[in-house]
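# A closer look at the structure
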Amino acid sequence: MSGPAAPRKIFVACLGNPDRGDDGIGALVAKALAGRLPADVALIARGGDMLALIDDWAGFDALICVDAAVPISGPGRIHRLDLATDALPAEMAVTSSHAFGLADAIRLARTLGQAPQEIIVYAVEGHSFDPGAAVTPAVADGIDEVAQRVVAEVTRLRPLMTLPLSGG
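Presented here is an overview of the structure given in this document. Remember, predicted model here, so these are calculated numbers, not experimental data. (Residues numbered from 1 in each chain as written. Predicted model: local features only at pLDDT ≥ 70, side-chain atom pairs only at ≥ 80, totals over all residues. Heavy atoms only, no water.)

### Some words on the nonpolar core
- Counting residues in each nonpolar core, the largest one holds 25 residues, and the members touching the most others are Val12, Val29 and Val150.
- Sorting the residues of this core by element identifies strand E2 (10-15), helix H1 (25-33), strand E4 (62-69), strand E6 (118-125) and helix H5 (143-157) as the ones contributing at least two each.
- A total of 6 residues in this core trace back to one element, the largest contributor, which is H5.
- When residues no more than four places from it in sequence are discounted, the contact partners of valine 12 are Leu33, Leu37, Val41, Ala42, Leu43, Ile44, Ile64, Val150 and Val154.
- Listed in part, the 20 residues of the second largest apolar core include Phe11, Ala13, Phe60 and Leu81. (Core = buried A, V, L, I, M, F, W, Y, C linked by side-chain atoms within 4.5 Å. Buried < 20%, exposed > 50% of the residue type's maximum accessible area, 1.4 Å probe, protein only. Helix = DSSP H or I, 4+ residues; strand = E, 2+ residues; numbered from the N terminus. Contact = heavy atoms within 4.5 Å.)

As structure tokens, then:
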């Protein structure tokens, strides 16, 4: 037997270090998303060790991440990865000065049974990750597009789900 319907709980994590050139894409997308998401969708900008994300996304049904990636085909290229069907390629990860990166945090959360059911990653290929560098024009040009894609993703993921009735 089922009860009332409720929107899925969605967590949007915009990742990266704004003081390391193109790694700052996450913080810039978070700014572009301000005021564009429903009030019940959680939005954070996080730099540093990604291990803390496991606590951040606890209890959420879906996770959308925005992060920088090393250049593979060209700076500014946006990759959408649905982790239900795609793996998060290790070669896309920006070398972190911290113990855990996004892929590590997701793997650990899955092992512990603490990962959201649906995980979408928007990885934006960068060019410069030097300390103190500015975001390159090719990456900056994609900020609004990534924000628009995240808004569309939230709309797609958010439909109501039926809640089970509690027995009594």
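### Observations regarding the packing of H1 against H5
- At a closest axis distance of 9 Å, the pairing of H1 and H5 adopts a crossing angle of 60°. Overall, the two elements H1 and H5 adopt an arrangement that is oblique. Crossing hand, H1 versus H5: right-handed. Only Ile143, Val146, Ala147, Val150 and Val151 of H5 make contact with H1, whose side of the interface consists of Ile25, Leu28, Val29, Ala32 and Leu33.
- Of the residues belonging to the contact of H1 with H5, the class tally is 10 nonpolar, no polar and no charged. (Axes fitted to C-alpha atoms, helices over the stretch in contact; angles between N-to-C directions. Parallel < 35°, antiparallel > 145°, perpendicular 65-115°, else oblique. Left-handed = near helix turned anticlockwise from the far one by under 90°. Nonpolar A, V, L, I, M, F, W, Y, C, P; charged D, E, K, R; others polar.)

### Regarding the sheet that holds E2
- Spatial ordering of the open sheet is given by E3-E2-E4-E6-E5, a layout of 5 strands whose pairing is mixed. With one partner strand each, in any of the chains shown, strand E3 (42-46) and strand E5 (78-82) form the two edges of the open sheet. Averaged over neighbouring strand pairs, the angle between their axes works out to 15° when direction is ignored.
- Pairing of E2 with E3 involves 5 bridges; the strand directions are parallel. Its bridge partner lying in E3, valine 12 is registered against leucine 43.
- Its contacts with the sheet put H1 on E2, E3, E4 and E6, and the angle it makes with E2 is roughly 135°.
- The sheet contacts of H5 involve E2, E4, E5 and E6, and relative to E6 the element is tilted by about 170°. (Pairing = 2+ DSSP bridges.)

### Notes on the packing of aromatic side chains
- Taken as a whole and judged by the stated rule, the model has 1 aromatic pair.
- The ring of phenylalanine 60 carries the charged tip of lysine 9 above its face, separated from the ring centre by 5.1 Å. (Phe/Tyr/Trp six-rings, centres within 6.5 Å; stacked < 30°, edge-to-face > 60°. Lys NZ or Arg CZ within 6 Å of the ring centre and 35° of its normal.)

### Looking at the environment of alanine 45
- Tracing the chain through its elements places alanine 45 in strand E3.
- Placed 21 residues apart in sequence, alanine 45 and glycine 24 show a C-alpha to C-alpha distance of 9.9 Å.
- Leave out the neighbours within four places in its chain, and alanine 45 touches Cys14, Ala27 and Ala30.

### A word on the side chain of glutamate 125
- Counting through the fold element by element, glutamate 125 comes out in strand E6.
- Among the polar contacts made by the side chain of glutamate 125, one reaches the side chain of histidine 79 at a distance of 2.5 Å. (Polar contact = N/O pair within 3.5 Å; in protein donor to acceptor, adjacent residues only side chain to side chain.)

### Description of the pattern of salt bridges
- Tallied over the full model, the rule gives 9 salt bridges.
- We note a salt bridge from arginine 36 to aspartate 144, for which the minimum N-O separation is 3.2 Å. Residue arginine 36 is located in the loop between H1 and E3, and its partner aspartate 144 is located in helix H5; the two are separated by 108 residues in the primary sequence.
- Between arginine 80 and glutamate 153 there is a salt bridge, with the nearest N and O atoms lying 3.0 Å from each other. Taken together, the residues arginine 80 in strand E5 and glutamate 153 in helix H5 connect sequence positions 73 residues apart.
- Shared partners join several salt bridges into a network, and the residues in it are Arg80, Glu153 and Arg156. (Salt bridge = Lys/Arg side-chain N within 4 Å of Asp/Glu carboxyl O.)

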